[in-house]
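A structural walkthrough
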Amino acid sequence: NEITSIEISEGFTKIGSYSFYQNENIISISLPESLISIGDYGISNCSELTNVYHISNNGLNEMGENVLYNCSNVNKVFVPVEYSSFKLLKYGIGS
């Protein structure tokens with residue numbers, strides 16, 4: 001069986017660079033409130049990824065480049081209203 005949904009447990013603070021790079025099975029990923037850092041291309045090139053959930057803006061303050069680069073099927077990124085356009089651009093979303 002292939003894992004298609006990932007929920008990172010509360011308490012994790014970092015997703016390293018290229019951690020989920022080219023994981024073609026992930027459809028959705030949920031990031032914990034405790035997350036403070038995502039490295040360069042941390043979740044990039046995930047061709048089946050469609051939804052990203054992050055419920056808090058309290059701690060995520062270090063984002064590498066193109067965190068969601070080339071995840072062309074992503075159609076929903078659930079983030080707090082307070083997210084700045086800068087943070088969304090660093091995710092690799094927007095223009």
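Residues numbered from 1 in each chain as written. Predicted model: local features only at pLDDT ≥ 70, side-chain atom pairs only at ≥ 80, totals over all residues. Heavy atoms only, no water.

1. Looking at unusual backbone geometry
Just so we agree on the cut-off: For the exposure calls, accessible area comes from a 1.4 Å probe over protein chains only, and a residue counts as buried if that area is under 20% of its type's maximum, exposed if over 50%, partly exposed in between.
Positive phi, close to 60°, is recorded for Tyr 18, a residue that is not glycine. Given the relative accessible area of 43%, Tyr 18 is considered partly exposed. Positive phi outside glycine occurs at Asn 45, with the angle close to 60°. With a relative accessible area of 14%, Asn 45 lands in the buried category.

2. With respect to the nonpolar core
For clarity, the threshold we go by: As used here, the term nonpolar core means buried Ala, Val, Leu, Ile, Met, Phe, Trp, Tyr and Cys residues forming a set that is joined through side-chain atoms within 4.5 Å. Throughout, a residue-residue contact means that at least one pair of heavy atoms, one from each residue, lies within 4.5 Å.
Counting residues in hydrophobic clusters, the biggest one holds 18 residues, and the most contacted among them are Phe 20, Ile 29, Leu 31, Ile 38, Ile 43 and Leu 49. If we ignore the near neighbours within four places in the chain, the residues touching Ile 43 are Phe 20, Ile 29, Leu 31, Leu 49, Val 67, Leu 68 and Cys 71.

3. Quick notes on the sheet that holds strand 2 (residues 14–15)
Stated precisely, the cut-off is as follows: In this scheme, strands are said to pair when DSSP sees at least two bridges between them. A run of H or I in DSSP counts as a helix once it spans at least four residues, and a run of E counts as a strand once it spans at least two, with each numbered from the N terminus.
The strand order across the open sheet built from three strands is 2-4-6, with neighbouring strands paired in parallel fashion. Sheet topology places strand 2 and strand 6 (62–63) at the edges, where each strand pairs with a single neighbour. Bridging between strand 4 (residues 37–38) and strand 6 involves two bridges; their strand directions are parallel. The residue bridging Ile 38 from the neighbouring strand is Met 63, located in strand 6.

4. Concerning the side chain of Ser 34
Here Ser 34 lies in the loop between strand 3 (28–31) and strand 4. Given a relative accessible area of 17%, Ser 34 falls into the buried group. With sequence-adjacent residues up to four places away left out, Ser 34 is seen in contact with Ser 9, Glu 10, Gly 11, Phe 12 and Thr 13.

5. Here we look at the packing of aromatic side chains
For clarity, the threshold we go by: Note on aromatic contacts: the rings of Phe and Tyr and the six-membered ring of Trp form a pair at centre separations within 6.5 Å, being stacked when their planes are under 30 degrees apart, edge-to-face when over 60 apart, and tilted otherwise.
Tallied over the full model, the rule gives three aromatic pairs. Between Tyr 41 and Tyr 69, the ring centres sit 5.8 Å apart and the planes meet at 80°, which makes this aromatic pair edge-to-face. Taken together, the residues Tyr 41 in the loop between strand 4 and strand 5 (51–54) and Tyr 69 in the loop between strand 6 and strand 7 (76–78) connect sequence positions 28 residues apart. Note on Tyr 69: relative accessible area 42%, which makes it partly exposed. An aromatic cluster is present here, built from Tyr 18, Tyr 21, Tyr 41 and Tyr 69 joined pairwise through their rings.

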